[in-house]
Amino acid sequence: MKKSIVVSGGFRNFHLSMAAEELNHKGMLSTFICSAYPTRNISLILDFLRLSNNKKLNRFLSRKIIVDESSLNSLYFSELLNYGSVLFNWNEKLKNRFKKMTVHLYSKRCSSVIKSSICSSAKVYHYRAQFGGDSVQVAKNNGLIALCDHSIADPRVIDYLVNNDGELPKNIDEHSISILEEMMLLDIEQADAILVNSHFVKDTMVYQGYDADKIHVI
């Protein structure tokens, strides 16, 4: 399993960066696809300009992990564009459509990375729900196992859970979800296996009809 796993963490900081760091330590990381990342050169420039203590930039610098930078594919543009969604704060529907476009752009770039020679020996594509998109099918077409990382309850039951002290609905009904949540569900449905972080999350997904055998709790 040497250098056999591709990890895609999506926007901002997420626990998949720690997974990538550990896989790198074990010699199993093929490549880590992320959004904006504080490479050594960027960190040096911020230090030189004495900006590294700026609160927001410090949060950006905290994304740094112990990994060979030759294993990184940092997709800056899509995340920077995503910040532009604040221009649509006056219209939630337009804001979500804009965010969808930036996430779609990220997944397209992921597809290019997966098809490149750097991933030629990869066996597993470990991606974050909502940020897989087209890249999931590209990975599967290239013989990779698609492992979707999903860290919250099924979005179709979240509102009910919040309003009913954590109880699941008595009946499975159609629940309205956002464009971004639709993308999340599509990524889950495309997966060969799903990784979740609690039995509670798994229960909400099994309740919504997912195969329990495909869902692994860590």
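Coordinates for the structure precede this section.
A.B. asks: I'd love a proper account of the overall build of the chain, names of residues and values included.
C.D. replies: When its secondary structure is counted, the chain shows nine helices and seven strands. Seen through its principal axes, the chain has C-alpha atoms that stretch 60 × 45 × 25 Å. When each of the 218 residues of the chain is scored for burial, the buried share is 45%. Contacts in the chain between residues far apart in sequence, at least 24 positions, make up 67% of those at least 6 positions apart. For the chain, the exposed surface amounts to about 12000 Å²; the carbon and sulfur share of it is 55%. Between the averaged position of the 26 positive side-chain charges in the chain and that of its 23 negative side-chain charges there is a distance of 9 Å.

A.B. asks: Summarise unusual backbone geometry; cite the residues concerned and give the values.
C.D. replies: A positive phi angle is found at Q130, which is not glycine, with a value near 100°. Examined against the element boundaries, Q130 turns out to sit in the loop between β4 (124–128) and α6 (134–141). Backbone geometry places D165, a non-glycine residue, at a positive phi of 55°. Relative to the assigned elements, D165 resides in the loop between α7 (158–163) and α8 (179–190).

A.B. asks: With reference to specific residues and values, describe the nonpolar core.
C.D. replies: Judged by nonpolar contacts, the single largest core of 33 residues is most densely connected at Y125, I188 and M205. For this core, the secondary-structure elements that each account for two or more residues are α5 (92–115), β4, α6, β5 (145–150), α8, β6 (193–196) and α9 (199–207). Setting aside anything within four residues of it in sequence, one finds I188 in contact with A129, C148, H150, I194, M205 and Y210.

What counts and how
Residues numbered from 1 in each chain as written. Predicted model: local features only at pLDDT ≥ 70, side-chain atom pairs only at ≥ 80, totals over all residues. Heavy atoms only, no water. Helix = DSSP H or I, 4+ residues; strand = E, 2+ residues; numbered from the N terminus. Buried < 20%, exposed > 50% of the residue type's maximum accessible area, 1.4 Å probe, protein only. Contact = heavy atoms within 4.5 Å. Areas by Shrake-Rupley, 256 points an atom, 1.4 Å probe, with all protein chains shown as cover. Lys, Arg positive; Asp, Glu negative; His and termini not counted. Charge placed at Lys NZ, Arg CZ, Asp CG, Glu CD. Core = buried A, V, L, I, M, F, W, Y, C linked by side-chain atoms within 4.5 Å.

Purely geometric numbers; function is a separate question.
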